[in-house]
Amino acid sequence: MFYDYHTHTAFSDDSDTPMTDMLDQAVRLGLAEIAVTDHYDPGYPDPEFPFEPDFEGYHRALEENQEVYANRIRIVKGLEIGILETELDRCRAAAEAYDYDYIIGSFHCALGEPLYNGHFYDDKTPRQAFIDYFQYVVDNIRRFDGYSCLGHLNLVSRYAEADADFRDYGDLVEEVFKIIIPQGKGIELNTSSFKYNMRCSCPSEEILRMYRQMGGEIITIGSDAHTPDRIADHFGEAEEYLRSLGFRYTSVFRQRKPDFVKL
Ligand SMILES: [Zn+2]
Ligand SMILES: [Zn+2]
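So, here is what we can say about the structure in this document. Predicted model, so just to flag it, every value in this text is computed and none were measured.

A word on unusual backbone geometry. In most cases, non-glycine residues show a negative phi, while peptide bonds are predominantly trans. Put simply, cysteine 202 and proline 203 share a cis peptide bond, and its omega is 0°. Inspection of the secondary structure puts proline 203 in the loop between helix H7 (192–195) and helix H8 (205–213). One non-glycine residue, histidine 234, lies in the positive phi region at around 60°. With respect to the helices, strands and loops of the structure, histidine 234 is situated in the loop between strand E10 (219–222) and helix H9 (235–244). Given 17 C-beta atoms within a 10 Å radius, histidine 234 is considered partly exposed. Its identity is not glycine, yet arginine 256 carries a phi of approximately 75°, on the positive side. Within the element layout of this structure, arginine 256 appears in the loop between strand E11 (249–254) and strand E12 (257–262).

Residues Glu33 and Ala35 line one face of strand E2 (residues 33–36) and the alternating positions Ile34 and Val36 line the opposite face, and both faces are buried. Two elements, strand E1 (residues 3–7) and E2, share 3 bridges in a ladder whose sense is parallel. For aspartate 4, the partnering residue across the bridge sits in E2 and is isoleucine 34. For the crossover that starts at E1, traverses helix H1 (residues 19–28) and ends in the parallel E2, the hand is right-handed. For E2 and strand E4 (residues 74–82), the ladder comprises 4 bridges, and the chain directions are parallel. From the neighbouring strand, isoleucine 34 faces E4, where its bridge partner is isoleucine 75.

Thresholds, definitions, all that
Residues numbered from 1 in each chain as written. Chains lettered and ligands numbered in written order. Predicted model: local features only at pLDDT ≥ 70, side-chain atom pairs only at ≥ 80, totals over all residues. Helix = DSSP H or I, 4+ residues; strand = E, 2+ residues; numbered from the N terminus. Buried ≥ 20, exposed ≤ 12 C-beta atoms within 10 Å, placed from the backbone. Pairing = 2+ DSSP bridges. Right-handed = clockwise from strand over helix to strand, strands pointing away.

Take it as geometry only, folks, not as evidence of what the structure does.
Shown next, in the form of structure tokens:
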């Protein structure tokens with residue numbers, strides 16, 4: 001039984017897929033749960049992608065579909081918040097505005113630049129890019145805690161020309177876990193790294209091992225699917241991978257509280 005805890009629908013500016021197409025595919029695959037986690041990235045610096053969903057329509061769709069699909073699959077009311085240091089008040093307000101089961105906290109930008117278009121990396125060595133990125137994560141999660149798990153924690157790797165040595169930024173990752181583990185928050189294993197053919201898993205093995213060693217237990221698995229064909233992508237492999245790293249449970253959420261499912 002799979003639990004896909006990171007999916008997008010047409011309520012996200014980078015997906016055209018009707019929510020019901022995603023849900024129908026999740027039912028066909030026999031998933032136990034699907035978290036719909038559409039994007040909210042207040043202040044996103046690219047005007048083509050405002051990433052500000054119609055929240056009322058989104059919640060209406062989620063609640064209606066929870067009824068329609070009640071006997072077939074559990075729909076988890078989620079949101080992926082793109083955290084920007086200048087927008088923390090709006091992030092907080094969004095997290096509190098509706099009764100979410102699960103919120104992903106993600107860093108799609110750092111220091112005012114989106115990662116995906118590469119500008120964040122301009123004039124930076126990979127080492128500096130990784131240090132700047134994780135420092136930015138640390139600085140912001142000290143001030144904002146309106147999420148359940150941190151999404152794709154090493155997104156910096158996806159768009160970097162090369163990876164930095166873990167020893168160069170490992171202390172910052174340790175700092176992240178010193179903050180989130182006592183708060184009862186977790187991380188996700190994002191299986192889109194298989195699709196993008198990244199050099200490493202997302203987060204990387206070093207990060208996952210450090211999390212486990214520091215007592216981190218809360219971990220969800222998410223495909224980050226924006227189309228039905230990607231739902232639960234590589235989940236069998238992902239579960240095996242987590243087991244090999246010493247994880248015994250994956251997490252599911254109800255009203256922002258984690259519960260555990262045996263891996
Ligand atoms: Zn994301
Ligand atoms: Zn996403």
